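Analysis of the macromolecular model
So the chains spell out like this:
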Amino acid sequence: MSFTLLSSPLQGFTDFRFRNAQNKYFGGIDTFYAPYIRLNGKMKIKSSYERDLLPENNTTLEVIPQVITNDADEFLFVTKYVQELGYKELNWNLGCPYPMVICNPNKIDHILHRVHNETDILVSMKMRMGYENSEEILHTFPILDKYPLKSIAIHARIGKQLYKGGVDLEAFQRCLDVAKHKLYYNGDITSVEQFKTMQERFPSIDHFLIGRGLIADPFLPSMIKNNTSEYPADRWKLFEAFHNEVYEQYDAALSGPTPIKMKMLGFWEYFSRSFSNPQKTFKKIKKATNPIKYRMAVKEILNSEK
């Protein structure tokens, strides 16, 4: 059965610099969701989010913009903005994992009603099971059923969990049993084996989102696609080229040694999970106090894996 892999957006990580480099060196992701657009006060989009969606920064990828809001006017403002850039679809993140609107079906109804009456954008959803408990999502389905949504991506956790604890597959199955829309699965796909487990557990699902697993191991999507747990022979050489490109892009965009250190430290919190000694790897990066030491630390880490 053919399937589609989508990159679940991670704020601060999966912007166009990461997306383009991941796609160039590894591939495997069919569609990227862009991190949700932030508004700077009333109806002004932050410049970094503007840059992220510019067509010239996304020439080789299928990218879907995302909005997180509980305000219909904001939603309509973002809709107009992304349509002007040529996007046909807008993904609405229902406050995952923060308690914004998922617990308020009337508000969801009001916003979707206005968007579908006042624009022709295609709306897709991304949501969790609820904030307090996994029943909350079931109360939203009768509302969602009223609208021609493209799809609903469900992260099989509740908001309160953040990323802690396991996914609730029984609750996801309950969603599958009642939802009229096409559902996508999201949550804890961190290995080829885990992907296969989810595929077997939910045979009707053919769209899967990979979030933190993609940053921890950018090889993962192509390995899933090729149905192999074997890394390519030049694994670390490829990773090095990818890492250097990401580093150089951010180094050029951020001013001064502290922001780039913090940015890369964030990435290495995930990257290190694919290395043979995650704690030792992350510690080395943490101790690198300036760009020269950082580059040396990265070289040492990669040499010890080769």
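Every residue gets a number counted from 1 within its own chain, in the order that chain's sequence is written. Restriction of local features to residues with pLDDT of at least 70 applies here, the model being predicted, together with a cutoff of 80 or more for giving and counting side-chain atom pairs; totals for whole chains, interfaces and linings are based on all residues. Where side-chain values are given, they derive from all heavy atoms of the structure, hydrogens and water being excluded.

Right, let's talk about unusual backbone geometry for a bit. The backbone of D188 sits at a positive phi, close to 60°, despite the residue not being glycine. For D188, a relative accessible area of 24% puts it in the partly exposed group. With a phi close to 50°, N227 is a non-glycine residue in the positive phi region. Secondary structure is summarised from DSSP: a helix means a run of H or I of at least four residues, a strand means a run of E of at least two, and numbering begins at the N terminus for each. By the element assignment, N227 lies in the loop between helix 9 (220-225) and helix 10 (235-253). Whether a residue is buried, partly exposed or exposed follows from its accessible area with a 1.4 Å probe, protein chains only, as a fraction of its type maximum: under 20%, in between, or over 50%, in that order.

Turning to the sheet that holds strand 7 (residues 152-155), a few remarks are in order. Paired strands, as defined in this entry, are two strands with at least two bridges between them according to DSSP. Strands sit in the order 3-2-1-9-8-7-6-5-4 across an open sheet of nine strands; the sheet is parallel. Two strands in the sheet have a free side with no partner beyond their single neighbour: strand 3 (63-64) and strand 4 (66-67). Bridge analysis of strand 7 against strand 8 (residues 183-186) gives four bridges, and the strand direction is parallel. Opposite A153, over in strand 8, you have Y184 as the bridge partner. By definition, residues are in contact when any of their heavy atoms lie within 4.5 Å. Axes here mean lines fitted to C-alpha atoms, for a helix over just the part in contact, with angles spanning 0 to 180 degrees between N-to-C directions. Docked against the sheet, helix 5 (residues 136-144) engages strand 6 (122-128) and strand 7, running at close to 170° with respect to strand 6.

For the rest of this paragraph, the subject is the side chain of E305. Note that E305 resides in helix 13 (residues 291-305). Only four residue types enter the tally: Lys and Arg on the positive side, Asp and Glu on the negative side, with His and both chain ends excluded. Just to be clear on terms, a salt bridge is a Lys or Arg side-chain nitrogen sitting within 4 Å of an Asp or Glu carboxyl oxygen. We note that E305 is buried and unpaired, the nearest opposite charge coming from R235 at a distance of 6.2 Å. Side-chain atoms alone can form a polar contact between residues adjacent in sequence; in general such a contact is a pair of N or O atoms within 3.5 Å, and within protein one must be able to donate a hydrogen while the other accepts it. Among the polar contacts listed, one links the side chain of E305 to the side chain of S276, at a separation of 2.9 Å. Not counting chain neighbours up to four residues away, the residues in contact with E305 comprise W236, F275, S276 and N277.

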